[in-house]
Amino acid sequence: MKQLGVLMDDFSKIHPQKDSTLAMMREANNRGWDIYTFDANDISHLNHQTRVNAKKISMKPSEDPWCEVLSNEMISLEDLDVILMRKDPPFNMDYIYATYMLDHAKKSGVLVVNDPQSIRDCNEKLFALNFPNCIPKTLVTSNIDEINQFIADQKTCVIKPLDGMGGNDIYKVSHGETEIRKIVDRLTHHFSTPIMLQEYLEDIKHGDKRILLIDGEPIDYALARIPAENDFRGNLAQGARGVAQELSERDRWLCQQISPTLKEKGLMFVGLDVIGDYVTEINVTSPTCIVEIDKAYDTNIAGVLFDAIEKKLSGE
């Protein structure tokens, strides 16, 4: 019987009706796997062994409760077959420390999804810069003169921090607005920390598409997150509505450009954020939208993921 560990946030943060991590655990449960859940602060290292104080759980078909805790056990991470890194950002030092601990499990032969070193290496904003033909006009800097010039050239831009998530601290600004310096001053911590600016894409009105890739292969359907009225952010957390749709030819081309790098880096479950013809971010920490796409098209994305995981475990 396979042993699955899931590094995730506290149970109280789970929304059973739409949680992608929960969908993954249900799939593992259906395959007869043992499931252990834990958070970063449950991990310790002693005498060359990385251990975790984990909850062994059994999944329930209902949403409340969605699981039963069978036991609390101190186990070795090295005894697990697979670990899913499903902790949500912020991508702070605590998050980085957790990836260092997962490195020890990986070195002992545990399959960690996604690869902990690659999670550290691939900032979800900056990683996209490796694919210049796939992204909109973009500036990364803390220099106010460069920022002002970029905004003047593009007329309208989106400004965002490099460590944000869920649409927080994202601003749409236009040349000549008086609040630009104040916004930049705050986001750059007084012009000392770089931020990202991208040209504003009018296609956001059609949605910010989340495209999921499993071991480099795209799922055939995406979730377009349509901004709420009087907003420009395609984030479900900011009131956007999700509309599932088939991938376009351009979507598939973008995936083809990025896929080889994902496979090379051991990034098995990734979400591309696509507005119009361009990738704006590459989500590697804890991509979501499984449940919404499954409901719309009767797919089983978690099943595709675990097929890929089992293929890796068998050495294929």
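Residues numbered from 1 in each chain as written. Predicted model: local features only at pLDDT ≥ 70, side-chain atom pairs only at ≥ 80, totals over all residues. Heavy atoms only, no water.

Asker: Help me understand the overall build of the protein chain, please; the structure alone is not making it clear to me.
Answerer: On a plain count of helices and strands, the protein chain comes out with 8 helices and 17 strands. Taken against the 2.2 N^0.38 rule, which gives 20 Å for 316 residues, the C-alpha radius of gyration of the protein chain at 20 Å falls within 12% of a compact globule. Dimensions of the protein chain along its principal axes, counting C-alpha atoms only, are 60 × 45 × 40 Å. Accessible surface computed for the protein chain: about 14900 Å², of which carbon and sulfur atoms make up 44%. Charge separation in the protein chain, taken as the distance between the mean sites of 35 positive and 50 negative side-chain charges, equals 1 Å. (Helix = DSSP H or I, 4+ residues; strand = E, 2+ residues; numbered from the N terminus. Rg over C-alpha atoms; globule rule 2.2 N^0.38 Å. Areas by Shrake-Rupley, 256 points an atom, 1.4 Å probe, with all protein chains shown as cover. Lys, Arg positive; Asp, Glu negative; His and termini not counted. Charge placed at Lys NZ, Arg CZ, Asp CG, Glu CD.)

Asker: Quick question: what am I supposed to make of the environment of Asp-163 here?
Answerer: Positionally, Asp-163 belongs in the loop between strand 9 (156–161) and strand 10 (171–174). Between the C-alpha atom of Asp-163 and that of Glu-124, which follows or precedes it by 39 residues, the distance is 8.0 Å.

Asker: Can you walk me through the pattern of salt bridges in this structure?
Answerer: One side chain can pair with another of opposite charge once the charged atoms of both are near each other. All told, the structure shown has 18 salt bridges when counted by the stated rule. Glu-310 is paired through a salt bridge with Arg-31; the nearest N and O atoms lie 2.9 Å apart. One end of the pair, Glu-310, is in helix 8 (residues 301–313); the other, Arg-31, is in the loop between helix 1 (20–30) and strand 2 (34–38), and 279 residues separate them in sequence. In this structure Arg-31 comes out as partly exposed when scored by relative accessible area, which is 26%. Its salt-bridge partner being Lys-160, residue Glu-281 comes within 3.1 Å of it at the nearest N-O pair. Within this pair, whereas Glu-281 is found in strand 17 (residues 278–283), its partner Lys-160 is found in strand 9, the two being separated by 121 residues in sequence. With a relative accessible area of 11%, Glu-281 lands in the buried category. Taken together, the shared-partner salt bridges connect Glu-27, Arg-31, Asp-307 and Glu-310 into one network. (Salt bridge = Lys/Arg side-chain N within 4 Å of Asp/Glu carboxyl O. Buried < 20%, exposed > 50% of the residue type's maximum accessible area, 1.4 Å probe, protein only.)

Asker: Please explain the packing of helix 1 against helix 8 as it appears in this structure.
Answerer: To characterise two packed helices, one gives the angle between the axes of the helices and the distance between these axes. Axis separation between helix 1 and helix 8 bottoms out at 9 Å; the angle between their running directions is 60°. As the angle between them shows, helix 1 and helix 8 are arranged oblique. As helix 1 packs across helix 8, the resulting crossing turns out to be right-handed. Seen from helix 1, the contacting residues are Ala-23, Met-24, Glu-27 and Ala-28; seen from helix 8, they are Ala-302, Gly-303, Leu-305 and Phe-306. (Axes fitted to C-alpha atoms, helices over the stretch in contact; angles between N-to-C directions. Parallel < 35°, antiparallel > 145°, perpendicular 65-115°, else oblique. Left-handed = near helix turned anticlockwise from the far one by under 90°. Contact = heavy atoms within 4.5 Å.)

Asker: Looking at this model, I keep getting lost on empty space enclosed by the protein. Mind explaining?
Answerer: One way to see where empty space is left: roll a probe the size of a water molecule over the atoms. Per the stated rule, a full pass over the model turns up 2 cavities of 30 Å³ or more. If you add up the space inside the largest cavity, you get close to 100 Å³. If you go around the largest cavity, the residues you meet are Pro-89, Phe-91, Ile-119, Cys-122, Asn-123, Glu-124, Lys-125, Leu-162, Asp-163, Gly-164, Val-284 and Thr-285. For the lining of the largest cavity, the class distribution of residues is 6 nonpolar, 3 polar and 3 charged. There is about 50 Å³ of room inside the second largest cavity. Met-24, Leu-84, Met-85, Arg-86, Val-113, Asn-114, Phe-269, Thr-285, Pro-287 and Leu-305 are the residues that line the second largest cavity. Classifying every residue of the lining of the second largest cavity by side-chain character gives 7 nonpolar, 2 polar and 1 charged. (1 Å grid on protein atoms, 1.4 Å probe; cavity = no way out; pocket = protein on both sides within 12 Å on 5 of 7 lines; lining within 4 Å. Points joined across faces, edges and corners; volume = space filled by probe spheres on them. Nonpolar A, V, L, I, M, F, W, Y, C, P; charged D, E, K, R; others polar.)

Asker: What exactly am I supposed to notice about helix 5 (residues 180–187) here?
Answerer: Note: α-helices contain 3.6 residues per turn, so residues at a spacing of three or four share the same orientation. Taken as a whole, helix 5 has its buried residues at Ile-180, Ile-183, Val-184 and Leu-187. End-on, the buried residues of helix 5 take up no more than an arc of 95°, which puts them together on one face. What points out from helix 5, more than 90 degrees from its buried face, is the exposed set Arg-181 and Lys-182. Looking at the residues trailing helix 5, positive phi occurs at His-189, about 55°. (Arc of directions from axis to C-beta.)

Asker: In this structure, what is going on with the nonpolar core? I would like to understand it.
Answerer: Generally speaking, soluble globular proteins have nonpolar side chains that are buried together. Ranked by internal contacts, the top residues of the largest apolar core, which has 35 residues, are Leu-4, Met-25, Leu-84 and Ile-309. Contacts of Leu-4, omitting those with residues within four sequence positions, involve Ala-28, Trp-33, Asp-34, Ile-35, Tyr-36, Leu-80, Val-82, Leu-84 and Phe-306. Counting residues in hydrophobic clusters, the runner-up holds 21 residues, among them Ile-211, Leu-213, Leu-247 and Val-270. (Core = buried A, V, L, I, M, F, W, Y, C linked by side-chain atoms within 4.5 Å.)

Asker: What exactly am I supposed to notice about the pairing of strand 9 here?
Answerer: On a regular strand, one side chain projects to one face of the sheet and the next to the other, so that they alternate. Of all 6 residues in strand 9, 6 are buried, a share of seventy percent or more. Alignment of strand 9 against strand 10, held across 4 bridges, turns out to be antiparallel. Bridge pairing links Cys-157 to Val-173 in strand 10. Of the pairings in the sheet, the one linking strand 9 to strand 11 (residues 195–199) comprises 5 bridges and is antiparallel in character. Paired with Cys-157 across the two strands is Glu-199, which belongs to strand 11. (Pairing = 2+ DSSP bridges.)

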